[in-house]
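Notes for the structure review
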Amino acid sequence: MTTEKKSPISKKIFKNNFQLLHWISIVLVILPAVTMGILILTYSVNMPYWDQWNLMPQLFIKISQNSLSWQDLIAQHNESRKLFPRLIFLGLAYLTNWDVRYEMLVIFILACLVSVNIYRLNRLTVNANLLTTSLIAFLANILIFSPIQYDNWFWGIQLVVLMPIACITTGISVVYSHFHTRYKFLICMMLCIISTFSYSNGMIAWIIILPVLILVTAKSTSDLLKQKWLFLSWIAVFISNIIIYFYDYQKPEVSPSIIPAFRHPEQTLQFFLAFLGSPLGSGFEISPLTSSIFIGGVEIGIFCYLFIYLLKHIKNYHILERTIGWMMIALYSIISALITAVGRVGFGVESALPSRYTTFSIYLMIAIIHLLPIVFSHIYSQINPIKSQVWLYKVTVAIAMTGLMILHYKSFTYSVKEIKSSYQLRMEGKTCLSFINIIENKFCIEENILGNYDHVKDLVKGLNYLGMLKPNLVASNNIEAIAAEKSPDQTYGSLDGIIPLNSWYFVNGWAFLPERNEPADAIILTYKNQAVEEGRSGATPRRRQIQGNAHQERKKEEAVLPRVGDRPKGMRTKRGRRKKWMGTQTPTNYKHPVDGGVLNPKSKDDWIIFDVLMSAQTQRENLVQLFNNPAYLNAGWEQTISGKLLPEGKLKIAAWAFDAKLGKAYKLDTNHLITKNGSGVGE
């Protein structure tokens, strides 16, 4: 009687525990995707970067001129013909005014598609319980959404890198579906065409998907003969794609020769292994190359063991059907590594470690994670394992998972540091781009945007006119054009001091953007003619204009800035590297000289930009304590500026915190009065 009364309660407890376990497993599986999504939202920057300047702006301009052609869409870019990515980029650009963060969103969505495909294949082939299935899905997702791919996550054009694997996993998932065989072939052909004309290694999809199609859809020789026309059609379409792809193909000048790959096979092997092991090995601060080579060797060793085991059981159709999809996904990484090793080893073995390659190499590891339980379950089905063997298997799995998690943790922490560093550089580039119309800063543009300043300068005119750059570029040296109103309770910082040093000034202060909880992207220095303000009641507009013109004539006769060797040495950061100048203005690089006759005399009453400071941050512990916020640590700034940027006379100096994301400037507290005389810097 007692047992019967407890039975319903026990069932309810079991049901509740199962539901709890189910929800925990869901949270565990999606946690890597959520984490990566938060990183993208936090550190993405709406600024075209490097190859994006060579791929899209000319298309925007041609569309505005009604001159866009098919050749423009399918044209070769580096080694690839990015037809389908161009179509996606064009659509997004005209929906969002070329906000490249939406390209990053599409990259994330493609990764989610890959994750769903991998999970579906997991359910169809591994045939494990809920706990094992969720655990495998979690391990796969920490790789699919690994931050070690930061170059691809935060660079919109790298959508092309996700396209092939998204097409391949979708195609394999379709093959395992219940669609009619003809529909499977048709869908997979379309996916392979998209893959081919998205990225250079996308044509691998034809080789990867075909064996899965053959083994899963043709279960016997008679089935294969019945479908021969489908396979012949596949081959014909593949060949036609190759012909179109390589028609008028030009080898990029920057591509190295493949001869070193055969002349130094040991280096090619090292490159190959480092390429495969870099997702987990490049996070090591000491010897990342050696670590990557070792990890890549372990992966290849495990894969070879699995491959040999399956060869021994090649007549077992059931296990081959379960594993062929994973074997071909692994082969995708291996072929990509082999092609890259042959084509890039001329740059050196270290060139196997860039973050952008990890999106190709992680899928060998993902395939192994799914193949191991399938093979081990088959092994145990052939024998009657004793209890010690089962425990040995479980301990081995636990050790392997622990090792993977430790390596992933090191990779994760390393990647987050790189993401933050990249974010700072992109924001510097965005700030330089914002002021390109009034300040010439070739170094900043060529380091953080594109290595051709003149090309960028030519393109931004058309892009700004088309509304494809947001916020708009700063067009005037009058701060009023970008000045934003401050709420009374908001403090953005202070101009603490300005000290004369011969013909230079040392300025310092602190600047913070409370809305973003970050230090300001740049410090804008402005001046206002104090003598005009003081004499406004007694001086007529005509007299002020005559004085201004005379002052401009005197200024034209002044010498330019001293030679670089005569300048005071720039401050050094905590790491010891010299801080970059935003581009100290001279008569040759400042587009609106303060006394060159460009300004309207009436603008003498306004705040006029005379310098923009970047990379001038210094640590201020007192701000952290004052605001009880560690984000204020790097809010301090200091820099040495040339006195020749300022006109003579009595001047009021003010500083502004610049927000490059909004294109707005916020005035800092405290103005300073200086007097500059004709012989140099005054008091």
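As shown above, the structure is provided for reference.
No experiment lies behind these values; they were computed from the predicted model shown. (Residues numbered from 1 in each chain as written. Predicted model: local features only at pLDDT ≥ 70, side-chain atom pairs only at ≥ 80, totals over all residues. Heavy atoms only, no water.)

**Brief notes about a nonpolar patch on the surface**
On the surface, a cluster of nonpolar side chains totalling about 470 Å² of accessible area is made up of Trp-23, Ile-26, Ile-30, Val-34 and Ile-38. Note that Trp-23 resides in helix 1 (residues 2–43). (Patch = residues over 30% accessible without salt bridge, like charges linked within 9 Å, V, L, I, M, F, W, Y side chains within 5 Å. Areas by Shrake-Rupley, 256 points an atom, 1.4 Å probe, with all protein chains shown as cover. Salt bridge = Lys/Arg side-chain N within 4 Å of Asp/Glu carboxyl O. Helix = DSSP H or I, 4+ residues; strand = E, 2+ residues; numbered from the N terminus.)

**Concerning the nonpolar core**
Grouped together as the largest cluster of nonpolar side chains are 153 residues, with contacts concentrated most on Trp-53, Trp-234 and Ile-524. When residues of this core are assigned to their parent elements, the largest contribution, 12 residues, is made by helix 18 (residues 358–382). With residues up to four places along the chain from it excluded, the contact list for Trp-53 reads Pro-48, Leu-433, Ile-449, Leu-450, His-455, Val-456, Leu-459, Val-460, Leu-463 and Leu-469. Counting 26 residues, the second largest nonpolar core, distinct from the first, contains Tyr-505, Ile-523, Leu-645 and Ile-653. (Core = buried A, V, L, I, M, F, W, Y, C linked by side-chain atoms within 4.5 Å. Buried < 20%, exposed > 50% of the residue type's maximum accessible area, 1.4 Å probe, protein only. Contact = heavy atoms within 4.5 Å.)

**As for unusual backbone geometry**
Here the bond from Lys-470 into Pro-471 is cis, since omega is -5 degrees, no more than 30 degrees from zero. Assignment of secondary structure puts Pro-471 in the loop between helix 21 (453–466) and strand 3 (493–501). Look at Asn-97: it is not a glycine, yet its phi comes out positive at around 60 degrees. Mapped onto the elements of the fold, Asn-97 is located in the loop between helix 5 (83–96) and helix 6 (101–125). For Ser-287, which is not glycine, the phi dihedral falls at a positive 55 degrees. Assignment of secondary structure puts Ser-287 in the loop between helix 15 (265–281) and helix 16 (288–312). On the basis of relative accessible area, Ser-287 is assigned to the partly exposed category, the value being 40%.

**Things to note about the state of the cysteines**
What we call a disulfide is simply a covalent bond connecting the sulfur atoms of a pair of cysteines. Summed over all chains, the structure comprises one disulfide. Put simply, Cys-432 and Cys-444 are joined by a disulfide, and their sulfur atoms are 1.8 Å apart. One disulfide, between Cys-432 and Cys-444, carries an S-S torsion of 95 degrees and so falls in the right-handed class. Separated by 12 residues along the polypeptide, Cys-432 in helix 19 (residues 387–434) and Cys-444 in helix 20 (residues 442–448) bring together distant segments of the chain. The thiol of Cys-167 is not disulfide-bonded; the next cysteine sulfur, from Cys-192, is found 7.8 Å away. (Disulfide = S-S within 2.5 Å.)

**A look at the pairing of strand 7 (residues 608–613)**
Here is the key point about a regular strand: its side chains alternate between the two faces of the sheet. Within strand 7, six of the six residues are buried, leaving the element largely enclosed by the surrounding structure. Bridge count between strand 6 (residues 522–529) and strand 7: five bridges; the pairing is antiparallel. Paired with Leu-525 across the two strands is Asp-611, which belongs to strand 7. (Pairing = 2+ DSSP bridges.)

**Side note on the packing of helix 9 (residues 159–175) against helix 10 (residues 181–196)**
In the contact formed by helix 9 and helix 10, the axes pass within 9 Å of each other and the chain directions differ by 175 degrees. Considered as vectors, helix 9 and helix 10 are oriented roughly antiparallel to each other. Contacts between helix 9 and helix 10 pair Met-163, Pro-164, Cys-167, Thr-170, Gly-171, Val-174 and Val-175 from the former with Lys-184, Ile-187, Cys-188, Leu-191, Ile-194 and Ser-195 from the latter. (Axes fitted to C-alpha atoms, helices over the stretch in contact; angles between N-to-C directions. Parallel < 35°, antiparallel > 145°, perpendicular 65-115°, else oblique.)

**What to know about the pattern of salt bridges**
Under the criterion given, the structure shown has nine salt bridges. Measuring nitrogen to oxygen at the nearest pair gives 3.1 Å for the salt bridge that ties Arg-516 to Glu-518. Residue Arg-516 is classed as buried on the basis of its relative accessible area of 17%. Using a relative accessible area of 18% as the deciding quantity, one classes Glu-518 as buried. One salt-bridge network, held together by shared partners, links Arg-516, Glu-518, Asp-521 and Asp-659.

**Some details on the side chain of His-378**
The residue His-378 is located in helix 18 in this model. Under the relative-accessibility criterion, His-378 is labelled buried at 8%. A polar side-chain atom of His-378 sits 3.3 Å from a polar atom in the side chain of Asn-316. Ignoring any residue separated from it by four or fewer positions in sequence, one finds His-378 in contact with Tyr-309, His-313, Asn-316 and Ile-319. (Polar contact = N/O pair within 3.5 Å; in protein donor to acceptor, adjacent residues only side chain to side chain.)

Worth remembering: the numbers are spatial, not functional.
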